[in-house]
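Residue-level structure breakdown
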Amino acid sequence: MSDRYGHDVLDPGAQCNQRPRTTDVPMEIGMVVEDPTTGYVGEIMGWENGLVIMEDRGGHRRSFPVGPGWWLDGKPVKLCVPPRTGATTAGRGAVTTQRTPSGARDTGRTRARTALPSRIYVEGRHDAELVEKVWGSDLRHVGVVVEYLGGIDDLVGIVAEFRPERGRRLGVLVDHLISGSKEQYIAGEVAKGGYGEMVQISGHRFVDIWQAIRPESIGIRAWPAVPREIDFKKGTLAALGMPHSDRADIARAWRYFLSKVNTFKDLDPDFTREVEKLIDFVTQDHWADIDPDLES
């Protein structure tokens, strides 16, 4: 007589044989995987410093540690950093998805969406130009307007005038937001304004936005250290052997530096992360309106 129930399911050997084995899979831009713990499903946008950057179908990004614990096509996999080669290929063929400079999918949308009530304010003209170059097409796609701030000394009043509320969020990107700085003090004063979670202030550790550009992207080993008593921009250009006598020299140098930025990969990942956090923050009340154009 045949055993209709098969082998003993409580037998340890049988359990091991039935458990799916995890396989190592090199990551690819465009690969869609699932985190079974949270149920998050997303497309791989890139990886750096041990983190894989994911984007779900709503265009919302999250970062996870590279390694095991993922599912691909219903099977457990360990995501691995691929070897540095030319075109990345998969069993389904070469990945040819077009990308914007920020690494997002290029949907081919040419018209800007009607501006959302939410805004992003950016301290510094060079900062705003850098954000525009890398994230400009994405921001127009979702309808987020970026406004330039000449400084943040009066940020408390600026935020109060904006009148943040649900559906009208305000994100602010500032320079040199580190412990004990003037910028951190001002951010704390804004937090006392009673806006709850409708205002988010993010920043970077750099004295100036120039340093957010990877040194290798402009052909240098590292950004020079400039003494605090010396003007940062002029001191930087002097150390690099570039003209630095007046504002015209500084403007020319910045145009050169900016021309070397082509994608988010040319920027410090910490800076990239802060900008994308602000974009996620100001759009979160409007996902239902944005999603249709961001479907894969």
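Computed from a prediction, not measured in an experiment: that's the story for all the values here.

Rules used throughout
Residues numbered from 1 in each chain as written. Predicted model: local features only at pLDDT ≥ 70, side-chain atom pairs only at ≥ 80, totals over all residues. Heavy atoms only, no water. Core = buried A, V, L, I, M, F, W, Y, C linked by side-chain atoms within 4.5 Å. Buried < 20%, exposed > 50% of the residue type's maximum accessible area, 1.4 Å probe, protein only. Helix = DSSP H or I, 4+ residues; strand = E, 2+ residues; numbered from the N terminus. Contact = heavy atoms within 4.5 Å. Phe/Tyr/Trp six-rings, centres within 6.5 Å; stacked < 30°, edge-to-face > 60°. Lys NZ or Arg CZ within 6 Å of the ring centre and 35° of its normal. Pairing = 2+ DSSP bridges. Axes fitted to C-alpha atoms, helices over the stretch in contact; angles between N-to-C directions. Expected span 1.5 Å × (residues − 1). Bend = angle between axes of the 7 residues up to and from the residue. Salt bridge = Lys/Arg side-chain N within 4 Å of Asp/Glu carboxyl O.

1. A look at the nonpolar core
Across soluble globular proteins, nonpolar side chains show a tendency to be buried alongside one another. Counting 36 residues, the largest nonpolar core has Trp135, Trp210, Phe257 and Phe271 as its most contacted members. Going through the elements one at a time, β10 (119-123), α2 (125-142), α5 (232-239), α6 (247-259) and α7 (269-283) are the ones with two or more residues in this core. Looking at this core, the element that brings in the most residues is α2, giving seven residues. If near-sequence neighbours (up to four positions away) are discounted, Trp210 is found in contact with His126, Trp223, Phe232, Lys233, Thr236, Leu237, Ile250, Ala253, Trp254 and Phe257.

2. Looking at the packing of aromatic side chains
According to the stated counting rule, one finds nine aromatic pairs in the structure shown. Judged by centre distance (6.4 Å) and plane angle (65 degrees), the rings of Trp210 and Phe232 are edge-to-face. Taken as a pair, Trp210 in the loop between β13 (199-203) and α5 and Phe232 in helix α5 lie far apart in primary sequence, 22 residues in all. Just as Trp210 is buried, Phe232 falls in that class too. Ring pairing ties together the aromatic residues Trp210, Trp223, Phe232, Trp254, Tyr256 and Phe257, which thus form one cluster. When the ring centre of Tyr148 is taken as reference, the NZ or CZ atom of Arg125 above it lies at 4.3 Å.

3. Looking at the sheet that holds strand β11 (residues 145-149)
Taking strand neighbours across the sheet as the criterion, the four strands line up as β11-β10-β12-β13 in an open arrangement whose pairing is parallel. Every other strand in the sheet has two partners, leaving β11 and β13 as the edge strands with one partner each. Adjacent strand axes in the sheet meet at a mean angle of 20 degrees when their direction is disregarded. Pairing between β10 and β11: five bridges, direction parallel. Note on β11: the bridge partner recorded for Arg119 is Val145. Running at roughly 165 degrees to strand β12 (residues 170-174), α7 makes contact with β10, β12 and β13 of the sheet.

4. Some points on the side chain of Thr272
Looking at the element boundaries, Thr272 is found in helix α7. Classification of Thr272 as buried rests on a relative accessible area of 5%. Discounting residues that sit within four places of it in the chain, Thr272 has contacts with Trp135, Phe264 and Leu267.

5. Focus: α2
A rise of 1.5 Å per residue sets the reference length of α2, with its 18 residues, at 26 Å; its end C-alpha atoms lie only 22 Å apart and thus fall more than 12% short of the reference. Where α2 bends most, the angle comes to about 75 degrees, and this point is Trp135. Taken together, the buried positions of α2 are occupied by His126, Asp127, Ala128, Leu130, Val131, Val134, Trp135, Gly136, Asp138, Leu139, His141 and Val142. Backbone geometry just downstream of α2 places Gly143 in the positive-phi region, at approximately 85 degrees.

6. With respect to the environment of Arg255
Its place among the elements puts Arg255 in helix α6. Of the residues examined, Arg255 reaches a relative accessible area of 53% and is grouped as exposed. Residues Arg255 and Glu129, spaced 126 residues apart in sequence, show a C-alpha to C-alpha distance of 9.9 Å.

7. So, the pattern of salt bridges
What the rule picks out here adds up to 13 salt bridges. Here Arg273 makes a salt bridge to Asp270, at a shortest N to O gap of 2.8 Å. Of this pair, Arg273 and Asp270 both sit in helix α7, three residues apart, which is roughly one turn of that helix. Notably, a salt bridge pairs Glu274 with Lys277, separated by 3.3 Å at the nearest N-O pair. With a gap of three residues between them, Glu274 and Lys277 both fall in helix α7, about one helical turn apart. Assessed through its relative accessible area of 17%, Glu274 is described here as buried. According to the relative accessible area criterion, Lys277 is partly exposed, its value standing at 39%. Connected through salt bridges with shared partners, the residues Arg205, Asp268, Asp270 and Arg273 form a single ionic network.

8. Regarding unusual backbone geometry
The backbone phi angle of Asp73 is positive, close to 55 degrees, even though this residue is not glycine. Given the relative accessible area of 62%, Asp73 is considered exposed. Phi angles above zero are rare outside glycine, and His176 is one such case at about 50 degrees. Within the secondary structure, His176 sits in the loop between β12 and α4 (182-191). A residue is classified by how much of its surface remains accessible, and His176, at 24% relative accessible area, is partly exposed.

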